[in-house]
Amino acid sequence: MADDHRTTTLRTADERATLASFLDYQRDTLALKCADLTPEQLRIRALEPSGLSLLGLVRHLAEVERSWFRNVLNDEARPGFWKNPDGSFAEFDADTADPDEAFAVWRRECDHARQLVAATESLDVLGHYGEEVFSLRWILTHMIEEYARHNGHADLLREHLDGTTGE
């Protein structure tokens, strides 16, 4: 696997910096799990009957970044990137997906999310999804959980693809 250049989690920083560093560490972990693989390997649904692939996870997490940071926190009402003709989400349908496009969208959404978090004055700032209300603190914590869960999936997919294990 590629050299490990993940963000260092901060151990003595304030709450915002600590949460942001943990989220960036999780983002970097996803990139690490996908490093040095061919487009074909990224598309493989390696653990039947599951439809998960590493590329599907990247596309899904781009959607999650968009949804929580642009739409919930910043009230942008941005539509999804990958949709089926019936309007349902298609991020996991990665059989013919372009890895370069998926990673570019994901990185752009991560960068935009970082900018929003940095510009927000307090972790108590609220975002909305319909009638539900979420603090930035909750969103950051949820995003860490979302990435950590999917990085566990990525660990298993990567090991099945080429035997690579590790952090």
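So, here is what we can say about the structure in this document. (Residues numbered from 1 in each chain as written. Predicted model: local features only at pLDDT ≥ 70, side-chain atom pairs only at ≥ 80, totals over all residues. Heavy atoms only, no water.)

Relative to the elements of secondary structure, Arg-66 occurs in helix H3 (residues 54–73). Setting aside anything within four residues of it in sequence, one finds Arg-66 in contact with Asn-71, Arg-78, Pro-79, Gly-80, Phe-81, Phe-89 and Glu-109. (Helix = DSSP H or I, 4+ residues; strand = E, 2+ residues; numbered from the N terminus. Contact = heavy atoms within 4.5 Å.)

Take the pairing of strand E1 (residues 126–129) next. As paired strands, E1 and strand E2 (residues 132–135) are joined by 4 bridges and run antiparallel to one another. Residue pairing for E2: Tyr-129 is matched across the bridge by Glu-132. Turn length for the E1-E2 hairpin, with the two strands adjacent in sequence and antiparallel, is 2 residues, and the turn residue Gly-130 shows positive phi of about 60°. (Pairing = 2+ DSSP bridges.)

Here we come to the side chain of Arg-27. Within the secondary structure, Arg-27 sits in helix H1 (residues 15–34). Apart from the residues lying within four places of it in its own chain, the contact partners of Arg-27 are Glu-65, Phe-69, Trp-106, Cys-110, Ala-113, Arg-114 and Tyr-147.

Further remarks concern the pattern of salt bridges. By the definition in use, this model includes 16 salt bridges. The partner of Asp-155 in a salt bridge is Lys-33, with the nearest N and O atoms 2.6 Å apart. In this pair, Asp-155 is assigned in helix H5 (residues 136–162) and Lys-33 in helix H1, connecting sequence segments 122 residues apart. According to the relative accessible area criterion, Asp-155 is partly exposed, its value standing at 31%. Exposure remark for Lys-33: the relative accessible area of 1% places this residue in the buried category. (Salt bridge = Lys/Arg side-chain N within 4 Å of Asp/Glu carboxyl O. Buried < 20%, exposed > 50% of the residue type's maximum accessible area, 1.4 Å probe, protein only.)

Geometrically, a pair of aromatic rings is defined through the distance of the ring centres and the angle of the planes. This model, assessed by the stated rule, comprises 5 aromatic pairs. For the ring pair Trp-68 and Phe-134, a centre distance of 4.9 Å and an interplane angle of 85° mean the geometry is edge-to-face. Linking Trp-68 in helix H3 with Phe-134 in strand E2, this pair joins segments that are 66 residues apart in sequence. The residues Trp-68 and Phe-134 share a single accessibility class, namely buried. Consider the rings of Trp-68 and Trp-138, whose centres lie 5.2 Å apart with planes at 50°: the pair is tilted. Of the two residues, Trp-68 is situated in helix H3 and Trp-138 in helix H5; the sequence distance between them amounts to 70 residues. An aromatic cluster is present here, built from Trp-68, Phe-134 and Trp-138 joined pairwise through their rings. The ring of Phe-89 carries Lys-83 above its face, with NZ or CZ at 4.3 Å from the centroid. (Phe/Tyr/Trp six-rings, centres within 6.5 Å; stacked < 30°, edge-to-face > 60°. Lys NZ or Arg CZ within 6 Å of the ring centre and 35° of its normal.)

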